Amino acid sequence: NVDFKYKKSDNYIFENLNLTFAKNSHTLIVGPNGSGKSTLLGLIGNVLIPDKGHLVSFSDNFSFIGATPFIFQKSLRENILYGNKLNVTDSEIMNMLKMFDIFKEKSSYDLSRNIDNNSLSSGQMQKVGFIRALLSKPDILLLDESMANLDDSSQIIVLDQIEKQNITVINSTHDPEKYQGVASVIKLDIEDEKRVVSLSNKL
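Remember, it's a predicted structure, so these values are computed and weren't measured experimentally. (Residues numbered from 1 in each chain as written. Predicted model: local features only at pLDDT ≥ 70, side-chain atom pairs only at ≥ 80, totals over all residues. Heavy atoms only, no water.)

Draft legend 1. Representation of the nonpolar core. Ile80, Leu97, Phe130, Ile131, Leu141, Met147 and Ile162 are the most contacted members of the largest nonpolar core, which totals 36 residues. Per-element tally for this core: the top contributor is helix α4 (residues 122–135), with seven residues. If near-sequence neighbours (up to four positions away) are discounted, phenylalanine 130 is found in contact with Ile65, Phe100, Leu143, Ser146, Met147, Leu150, Val158 and Ile162. Among the nonpolar cores identified, the runner-up in size contains 16 residues, and Leu17, Ile140, Leu142 and Leu188 belong to it. (Core = buried A, V, L, I, M, F, W, Y, C linked by side-chain atoms within 4.5 Å. Buried < 20%, exposed > 50% of the residue type's maximum accessible area, 1.4 Å probe, protein only. Helix = DSSP H or I, 4+ residues; strand = E, 2+ residues; numbered from the N terminus. Contact = heavy atoms within 4.5 Å.)

This is the structure:
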């Protein structure tokens, strides 16, 4: 029973919204620009707080990957471990970096070398975001156009790694046909300036 509008707006994005996500399933969120996909992810991740209603979740262990992950002027290791509260070893980081085929040069795998958003390509930054998220071992993974900067071969690698995780994936995308094994699809649209939300098991 969620109602939500932004503080400086008089118009509700969602009213009396009710959705259920199956645990350890992959759900897609699709819809045109401005239909509320990112807002919905923000509500699910408890980043945005509803005006009314509430979220019930089996876990508060979320990870989020957007179209442009944050890269800090710090070491590769520090960037990978940002926000991670687990005891992750260098070998675990290295295995994941190589699994994602993030660099072509051997010297680039030095975990102590400093990086920033000018030293990595957009695809490499995206892979850092995925590695960062997966190494934190989330129960729920929120994706917001997270494949936007990956080439076809990189998308295959990333999707393969996501499918190996026994986690709940909620995925906002403009390219739903890329994803297999999807349990359900949430379609957002705008009719008469109102958001219309529908749920199905197919595109």
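Draft legend 2. Region of interest: the packing of aromatic side chains. Under the definition given, this model contains four aromatic pairs. Following the ring pairs from residue to residue traces out a cluster consisting of Phe70, Phe72 and Tyr82. Between the NZ or CZ atom of lysine 5 and the centre of the ring of tyrosine 12, over which it lies, the distance is 5.7 Å. (Phe/Tyr/Trp six-rings, centres within 6.5 Å; stacked < 30°, edge-to-face > 60°. Lys NZ or Arg CZ within 6 Å of the ring centre and 35° of its normal.)

Draft legend 3. Structural detail: helix α3 (residues 90–99). Among the residues of α3, those classed as buried are Ile93, Met94, Met96 and Leu97. One side of α3 holds all its buried residues, which, seen down the axis, span an arc of 165°. For α3, the elements touching its buried residues are α2 (76–80) and α4. (Arc of directions from axis to C-beta.)

Draft legend 4. Representation of the pairing of strand β8 (residues 168–172) within the structure. Of all the five residues making up β8, five are buried; the element is thus mostly covered by neighbouring parts of the structure. Of the pairings in the sheet, the one linking strand β3 (residues 26–30) to β8 comprises four bridges and is parallel in character. Paired with histidine 26 across the strands is valine 169, a residue of β8. As paired elements, strand β7 (residues 140–144) and β8 share five bridges and run parallel to each other. Following the sheet pairing, leucine 142 is matched in β8 by isoleucine 170. (Pairing = 2+ DSSP bridges.)

Draft legend 5. Spatial organisation of the pattern of salt bridges. With the rule as written, the count across this model stands at five salt bridges. Residue aspartate 160 is joined to lysine 164 by a salt bridge in which the shortest nitrogen-to-oxygen separation is 3.3 Å. Of this pair, aspartate 160 and lysine 164 both sit in helix α5 (residues 152–164), four residues apart, which is roughly one turn of the helix. Between aspartate 175 and lysine 178 there is a salt bridge, with the nearest N and O atoms lying 3.5 Å from each other. Classification of aspartate 175 by relative accessible area gives partly exposed; the value is 29%. Accessibility expressed as a relative area gives 29% for lysine 178, which makes it partly exposed. (Salt bridge = Lys/Arg side-chain N within 4 Å of Asp/Glu carboxyl O.)

Draft legend 6. Examining the side chain of glutamine 126 more closely. Note on placement: glutamine 126 falls in helix α4. One polar contact links the side chain of glutamine 126 to the main-chain carbonyl oxygen of serine 146, over a distance of 3.0 Å. In contact with glutamine 126, not counting residues within four places along its chain, are Ile65, Gly66, Ala67, Pro69, Ser146, Asn149 and Leu150. (Polar contact = N/O pair within 3.5 Å; in protein donor to acceptor, adjacent residues only side chain to side chain.)

Draft legend 7. Molecular detail of the sheet that holds strand β10 (residues 194–200). Across the sheet, six strands lie side by side as β4-β7-β8-β3-β9-β10; this open sheet has mixed pairing. Here the strands that pair on one side only, and so sit at the sheet edges, are β4 (62–65) and β10. Strand-to-strand twist of the sheet, defined as the mean angle between neighbouring strand axes without regard to direction, takes the value 15°. Seen against the sheet, helix α1 (residues 37–44) touches β3, β4, β7, β8 and β9 (184–191) and runs at an angle of roughly 160° to β7. (Axes fitted to C-alpha atoms, helices over the stretch in contact; angles between N-to-C directions.)

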